[in-house]
Amino acid sequence: MGKLEIRDVSYIYGKDTPFEKLALDRVNAEFCDNCITGLIGHTGCGKSTLVQLLNGLLVPTQGKVFLDGQDINAKSVNRRELRFRVGLVFQYPEYQLFEETVQADIAFGPKNMGLDSEETARRVLSALHFVGLDETLLTVSPFDLSGGQKRRVAIAGVMAMQPEVLILDEPAAGLDPIGREEILGGIKSYQRARNSSVIIVSHSMEDMARYSDNIVVMSHGTVTAQGTCRDIFSNHELLTDAGLSIPQVTAFLAALRKNGIDVSKDIFTVDDAVKEIRSYMLRERNRA
Amino acid sequence: MAYFELENISFSYDESAEGGETKKVIDGVSLEIEKGSFVCVLGHNGSGKSTLAKILNLVLTPTSGRLVIGGKEVSGPEISEDEIFDIRRRIGMVFQNPDNQLVTTIVEEDVAFGPENLGVDPEEIRQRVDSALQTVGMSEYAKHSTHQLSGGQKQRVAIAGVLAMQPECIIFDESTAMLDPIGRRDIMSTIEYLNREREITVIHITHNMDEAVRADRIIVINDGKIYLDGTAKEVFSSVEKLRRVGLDVPQVTDLFYDLSPYLDLPSGVIDIEEGAAVLADRLKNGKA
Amino acid sequence: MLKDITMGQFFPGESLLHKMNPSLKIIATVLYIVAVFLCKSAAAFAFIFTITVLIIIVSGVPAKVILRSVRPLIFILVFTTVYNVFFTKGDTLLFSLGFVRVYREGVFNAVLIAVRILCLLVGSSVVLTYTTSPIMLTDGLETLLKPLTWIGVDVHTFAMMMSIALRFIPTLIEETDKIISAQKARGADFESGNLIRRARALIPILVPLFASSIRHAVDLATAMECRCYRGGRGRTKMTTLRPDAADWIVLLFFALLIPAAILLNVYVPFFSI
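Residues numbered from 1 in each chain as written. Chains lettered and ligands numbered in written order. Predicted model: local features only at pLDDT ≥ 70, side-chain atom pairs only at ≥ 80, totals over all residues. Heavy atoms only, no water.

Could you clarify how one ought to interpret the overall build of chain A in this entry?
A tally of helices and strands in chain A yields 11 helices and 10 strands. For 288 residues, the compact-globule estimate of 2.2 N^0.38 gives 19 Å, and chain A sits close to it at 21 Å. Overall size of chain A, expressed as C-alpha extent along the three principal axes, is 70 × 50 × 35 Å. Burial analysis of chain A (288 residues in total) assigns 56% to the buried set. Residue pairs in contact within chain A that sit at least 24 positions apart in sequence constitute 63% of those at least 6 positions apart. Looking at chain A as shown, the accessible area adds up to about 11900 Å², and 46% of this sits on carbon and sulfur atoms. (Helix = DSSP H or I, 4+ residues; strand = E, 2+ residues; numbered from the N terminus. Rg over C-alpha atoms; globule rule 2.2 N^0.38 Å. Buried < 20%, exposed > 50% of the residue type's maximum accessible area, 1.4 Å probe, protein only. Contact = heavy atoms within 4.5 Å. Areas by Shrake-Rupley, 256 points an atom, 1.4 Å probe, with all protein chains shown as cover.)

Next up, the structure:
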């Protein structure tokens, strides 16, 4: 069973108003424990609504959300504590920074959890390291940082709460390649070090192929597929139907096969493609 | 004929008042941009590429150097306000955040904003607005409220707003950075249409490599200087150099580069089909 | 949620009111408000209530929207009704409960004042904000205030500021919603504690909101400059607003509401307040 599970969940915005809109339609999905799940889909497919249901910011109109098998919307569950267990980083989180120093801003979450100052300081430092920022920045005002640095401070602010599940909505949106790699790499090392569960919402197939273990595909308010990267990315039709594209390198190997070169179609990263082509060359040489 | 001629252009923000050092954001840039061309400017965040764009339509005045636009020098101190506004009309600009460049609430009223400022005759404004909206495929949204549009649609309205001023050149300052893949695709095809069919000079600032390969020419900016300049093929041949300044190359280019120690492959391959044919040929003929 | 607020929103349409010249519409709204305030007798109120319903029907704004816009008013309506029922003294005692005495006059007052508040807010928003795009509204205001330029008031800039403010209301509401959710996700607590604690809890919302407003303003200023904005000088308008005959007739209709209300007060004076 997954760490987080949603069963038959529907969500309607502005219910009983003229602006009623069905955002999620009887969705079922499972998010694995101790791994990274990529949540992919085109804009307006319901990804952002779904992640807010996962930490109780929104309550499903119908259906249930389970964390470790427990219904998170049950009366016995404390909403605020739930949010400490399932941390959520919104899109463009740098716009939520407000404290005078980076230190204070990252400490906001841990302080709200009621942790003492020693533990808070420890967590702030550890989160700062995961996002790859320097300790000298702790005393700086977050408003004096560059865009990419602000983003990382905001992510550290949620990491410092050390949630069991960390959800990030488009954490690398609008960043340059180095910025993307630093943030996604930081998230991966955080996940490996803490053995926690991470969910990343993204529409970059290339990034998800590199950083996630499992994939959940959404389209028009429903989950259309879920499985390992291999399962999902080898199913080109499924992705095209969901308005998504396959990683460029996967498309390239498909074109190579069309040219009569027998290479695997389950290749999603450049490194794997290099290995596959080299092993093809070896196979051919041995045959000759 | 060159539309833009830059001779040793430098720019620094005056921070002497705050006690900061004056760092040159643009440092002695010399270059020419042909009329009717489609130029992509690449560079990581903070490389100075957006500053360069703002100099080109005189939102920022270069600290030193000579800037000639359409055969007329515009960098001298004797340039009048009227001339500056004429340059801004001829060189339109579309920004990154769609929410921060729409001035009014109704689509067609926003498109009319530019020509209204220019004092164009009301009947002509009407015609320009209608034709600009048609060009970007937003006619049916003319009376809609701007805040209900998607990001890509907002950017198309912003482009229409620039078109209604009948520009000779449009600068896109990371206009696709905040969009999803569908929005990006729409904007890119609009840009290509404007360049090919309307013969508008396009300068597209981005850090998306897949967008960059579609331009006639790529200029890479680093530390306020020109780092690389050439066709997509030429620029993407320098994989090492690009990586050194934090830029990516398309996955296919990357793959070819990584395979080059083992196979005799051309560099700077950017097209999937072409690349697959070349690689298949090499693998079959075993020129290892 | 903040997004549910409909007051002050614009509903596009093709009705007589939608097409009316905004300057005249502003005057019509003022006339309407005066007429509502002049109503004293039950007959006058019945008249103005009927007129308001008529206006709503003509405007084509969906009844659902109107009902929803009334929702935030319920508290005020209940409060004034209760206040009037219990605290108006009169001649005809209906019943008494302990020290509370309810008079017939009180009940009538309560009903009439509730009708007045309803007409005032619903009617004026239907006539003006629901049927006029913000830009038309500020254009109308700009035209009406034009005489003030003679005494040195920069009417154009004022109108531009108004329309930009209106333009950013939905954006900022959306952003506020997002910031509140983001801070909640970090465990911010807006619901418990005393007044000072609650006020302090607003800082994580207000600071980011302030920062983002400034960012919007700086970016927008650059964008406007790039689109050759240089104040009202030499500026033209795509739609020049010239009132036509229909506009003047509608205005006349609103002007006639005032004598009608006064006449009803005088000639049918039953249950006056």
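So what exactly am I meant to see when it comes to the sheet that holds strand E10 (residues 222–228) of chain A here?
Hydrogen bonds between backbone groups are what pair the strands of a sheet, and the pairing can be parallel or antiparallel. Residue and element names in this part refer to chain A. The 6 strands lie next to each other as E6-E7-E8-E3-E9-E10, forming an open sheet whose pairing is mixed. Two strands bound the open sheet, and with one partner strand each, they are strand E6 (86–89) and E10. Put simply, the sheet's adjacent strands are angled 15° from each other on average, direction ignored. Relative to strand E7 (residues 165–169), E6 is paired through 4 bridges, and the arrangement is parallel. When the sheet's bridge partners are listed, Gly87 is paired in E7 with Leu166. Against the sheet, helix H5 (residues 147–159) engages E6 and E7, with an angle of about 170° to E6. (Pairing = 2+ DSSP bridges. Axes fitted to C-alpha atoms, helices over the stretch in contact; angles between N-to-C directions.)

I'm lost on the domain arrangement of chain A in this one. Help?
All names here are of chain A. Structurally, chain A comprises domain 1 (4–246) and domain 2 (247–288). Summarising the inter-unit geometry, the C-alpha centres of domain 1 and domain 2 are found 34 Å apart. Where domain 1 abuts domain 2, roughly 810 Å² becomes buried across the two surfaces, and 71% of that area is made up of carbon and sulfur atoms. Here Asp266 and Arg230 are joined by a salt bridge, their closest N and O atoms 3.3 Å apart. Where domain 1 packs against domain 2, one counts 3 residue pairs in polar contact (both at pLDDT 80 or more). Listed by contribution, the elements that provide at least two residues to the side of domain 1 that touches domain 2 are helix H7 (205–211) and helix H8 (229–233). For the side of domain 1 that touches domain 2, the leading source of residues is H7, giving 4 residues. In the side of domain 1 that touches domain 2, the residues fall into 5 nonpolar, 3 polar and 3 charged. (Domains from an automatic or database assignment. Buried area = accessible area lost by both parts, 1.4 Å probe. Salt bridge = Lys/Arg side-chain N within 4 Å of Asp/Glu carboxyl O. Polar contact = N/O pair within 3.5 Å; in protein donor to acceptor, adjacent residues only side chain to side chain. Nonpolar A, V, L, I, M, F, W, Y, C, P; charged D, E, K, R; others polar.)

Help me understand the side chain of His207(B), please; the structure alone is not making it clear to me.
Relative to the assigned elements, His207(B) resides in the loop between strand E8 (201–206) and helix H7 (209–212). Relative accessible area serves as the criterion here: at 12%, His207(B) is assigned to the buried category. At a separation of 3.3 Å, a polar atom in the side chain of His207(B) contacts the main-chain carbonyl oxygen of Leu175(A). Aside from chain neighbours lying at most four places away, what touches His207(B) is Gly174(A), Leu175(A), Asp176(A), Pro177(A), Leu42(B), Gly43(B), Asn45(B), Lys49(B) and Glu174(B).

Would you explain the interface of chain C and chain B in this entry?
A common way to express how large an interface is: the accessible area buried when the components associate. Tallying the contact residues gives 31 residues for chain C and 38 residues for chain B. Surface buried jointly by chain C and chain B totals about 3100 Å² across both partners, of which 58% is contributed by carbon and sulfur atoms. Ranking the residues of chain C by area buried against chain B places Arg167(C), Arg227(C) and Met238(C) at the top, with a combined share of 29%. Inspection of the chain C/chain B interface yields 6 salt bridges. Between Arg235(C) and Glu116(B) there is a salt bridge, with its nearest N and O atoms 3.1 Å apart. The set of elements that each furnish at least two residues to the side of chain C that touches chain B consists of helix H7 (134–145), helix H8 (155–185) and helix H10 (203–226) of chain C. Counting residues per element, the side of chain C that touches chain B draws most heavily on H10(C), which supplies 9 residues. Grouping the constituent residues of the side of chain C that touches chain B by class yields 15 nonpolar, 6 polar and 10 charged.

Help me understand the packing of helix H2 (residues 22–38) of chain C against helix H11 (residues 245–267) of chain C in this model?
Packed helices, taken two at a time, are described by their axes: the angle between them and the distance between them. All names here are of chain C. Orientation of H2 relative to H11, taken along the N-to-C sense of each, is 10°, at an axis distance of 9 Å. As judged from the angle between their axes, H2 and H11 are roughly parallel. For the pair H2 and H11, the contacting residues are Leu24, Ile27, Ala28, Leu31, Tyr32, Val34, Ala35 and Leu38 in the first and Asp247, Trp248, Leu251, Phe254, Ala255, Leu257, Ile258, Ala261, Ile262 and Asn265 in the second. Within the contact of H2 with H11, the residues separate by chemical class into 16 nonpolar, 1 polar and 1 charged. (Parallel < 35°, antiparallel > 145°, perpendicular 65-115°, else oblique.)

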